[in-house]
Amino acid sequence: MRSADRLANFGAYFFAELGKKIAALRAQGKDIIRIDIGAPDLPPPDFVIEALVAAARRPDTHSYTTYGGTPAFKQAVADYYRRRFDVALDPTTEVLGLIGSKEGLFHLAQALVNPGDVVLIPDPGYPTYRAGTLLAGGEPYFMPLLAENDFLPDLEAIPAEVLRRAKILWLNYPNNPTAAVAPLAFFEQAVAFARKHGILLAHDAPYVDVTFDGYQAPSLMQVPGAKDVAVEFNSLSKAFNMAGWRLGMMVGNPAVVRYVHVYKSQVDTSQFLPVLQGGIVALTDERVWPWVAERNAVYQQRRDIVVNALRAAGIPVPTPRASLYVWYPLPPGETDSKAFCARALEEAGVSMTPGRIFGPHGEGYVRVSLGTDTAQLQQAMERLTAWLKK
Ligand SMILES: Cc1ncc(COP(=O)(O)O)c(C=O)c1O
C-alpha cells in the first residue's frame, strides 16, 4: 500500500526515533538521562486535578461537548487575558478552544493557505509551522533567527516578491528552541509590518508564563489594533504543567477564529468536559499565580545549574529569561549538532536535542530542556562537563 503523495516530505519524527535509540541503549544496561524533551516533568496544581475529578464524577459530563470549547471555557480564556495582559477579548467571536495548541498551529494553514501561498517561518523553529504549510500545499519561506539579532527575524530582509505571496507570518516568543524573548516594541513593529503587507501575523505563545527573574512576557494582543491583523496561540501545557491534557486556545482576529473553527469542526468533536473544567480552574483561580511563581522558581534553579555548568566548561551561553530551554553553541571544534548529540548520548549517557532538527539555522547549537528532575539534571550536567573535558 502506498502513502498519499503529500506525506512524501515527512520522515520519522525525530523524537520517535530518539526514543527507540534510548530504549535500545537502556536494554543494554546503559543509564541515560534525558534532557531533550520539551515537556514539564511536574504535575499541575492539585486544585486543578480536583476540578477534573469532581467533574468526571458527575453523570452529565460524559457526552460530546460544544465544538471549539464550551462557552464557559472561552469565557475563562477571556478572563485570563484580561487578568494577565489587560487585554479584552469577546469570548464568543475572538476565542477558540483547542486540543493543545499544536492542532491550531496546523489547522491555521489548512484554513487559510492555498497552493502557492507563502508562509513565513522562523528558522530554527517549532516543526509544526512547516508541516502545516506543506500539507496545505503552501510554500515555506524561512526567516533566519540569528544570535546577533537577539534571535528576532529581520522582517525588512524578506524579499518583496516573497512578501507579495505571503499569507501568514509566524512568530514564537518566548522562543522554542532559542529561549529568546521579544520586547513589546518588536511586536508593535510586526503588527505594523503585517498591516502594511496584508499578511496574517500568527504568534505562538505557549511559554508566555514560563519566565524567570521577575520577567513578564508580553502578549502580542497587547499591541493596539493587533486583532485587525493577528491571532495568538496559547496553551495550558507549559503554563500549568498540563501537556497531556491537550488544552490550548487561539485568540484574536474574529474572521480567522471563525475559519479555523469551521475547519476544526470537520476534524474533531472537542474535548472531554472534565478536562475543560480543569482548564477553567487553571485559567481563573487566583491560587494559580503563586503556584506558577513557585514552579518557575524550580525551573530558574535548573536553568542556573545548566548555565553555570556550561560556562564552567568554557561554553559561552546567555542566561534565558523564559521558556523551558537553554540553547547553547557547540563547543569549539564541533560543527555537527546531530553527531555531537549522538556521541554525548552514547559516551556520556546524556540525551540532548541537536539544534539542526529545528532548521538549518539551528545548526551549531544544542537545546537542553529544563523539564527534568533537578537532581537528575545536575547529574546530567556533571556527566556532560566531565565528558567534554576528555
Ligand atoms: C513553540 C511551541 N508551540 C506549540 C507547542 C505545542 O504545545 P501544545 O500542543 O501542547 O499546546 C510546543 C510544544 O512543545 C512548542 O514548543
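Everything that follows concerns the structure shown earlier in this document.
A brief report on the enclosed structure follows. These numbers come from a predicted model, not from an experiment.

Once that is clear, we can look at the site of the ligand. In the vicinity of the ligand lie 13 residues, with G100, S101, K102, S235 and S237 positioned nearest. Per-class residue counts for the shell around the ligand are three nonpolar, eight polar and two charged.

Within a regular strand, the side chains alternate between the two sheet faces. Within strand β8 (residues 248–252), five of the five residues are buried, which leaves it mostly tucked inside the rest of the structure. With burial as the criterion, each face of β8 is covered, one bearing G248, M250 and G252 and the other bearing M249 and V251. Pairing geometry for strand β2 (residues 95–98) and β8, over four bridges, is antiparallel. Across the sheet, L96 pairs through a bridge with M250, a residue of β8. Sheet topology places strand β7 (residues 230–235) next to β8; five bridges connect them, and they run antiparallel. Bridging across to β8, F233 finds its partner in M250.

Strand order in the open sheet formed by seven strands is β2-β8-β7-β6-β5-β3-β4, with mixed pairing between adjacent strands. What marks the edges here is a single partner per strand, and that holds for β2 and β4 (139–144). The mean angle between the axes of side-by-side strands here comes to 20 degrees, regardless of whether they run parallel or antiparallel. Pairing analysis gives four bridges linking strand β5 (residues 166–171) to strand β6 (residues 200–204), with the strands arranged parallel. If you follow W170 over to β6, its bridge partner there is A202. Sheet strands in contact with helix α4 (residues 101–112) are β2, β3 (118–123), β5, β6, β7 and β8, and its direction is about 155 degrees off that of β7. Packed on one face of the sheet, helix α7 (residues 184–197) meets β5, β6 and β7 and runs near 150 degrees to β6.

Cut-off values and rules
- Residues numbered from 1 in each chain as written.
- Predicted model: local features only at pLDDT ≥ 70, side-chain atom pairs only at ≥ 80, totals over all residues.
- Near = placed C-beta within 6 Å.
- Nonpolar A, V, L, I, M, F, W, Y, C, P; charged D, E, K, R; others polar.
- Buried ≥ 20, exposed ≤ 12 C-beta atoms within 10 Å, placed from the backbone.
- Helix = DSSP H or I, 4+ residues; strand = E, 2+ residues; numbered from the N terminus.
- Pairing = 2+ DSSP bridges.
- Axes fitted to C-alpha atoms, helices over the stretch in contact; angles between N-to-C directions.
- Contact = placed C-beta atoms within 7 Å.

None of the figures reported here should be taken as evidence of function without further support.
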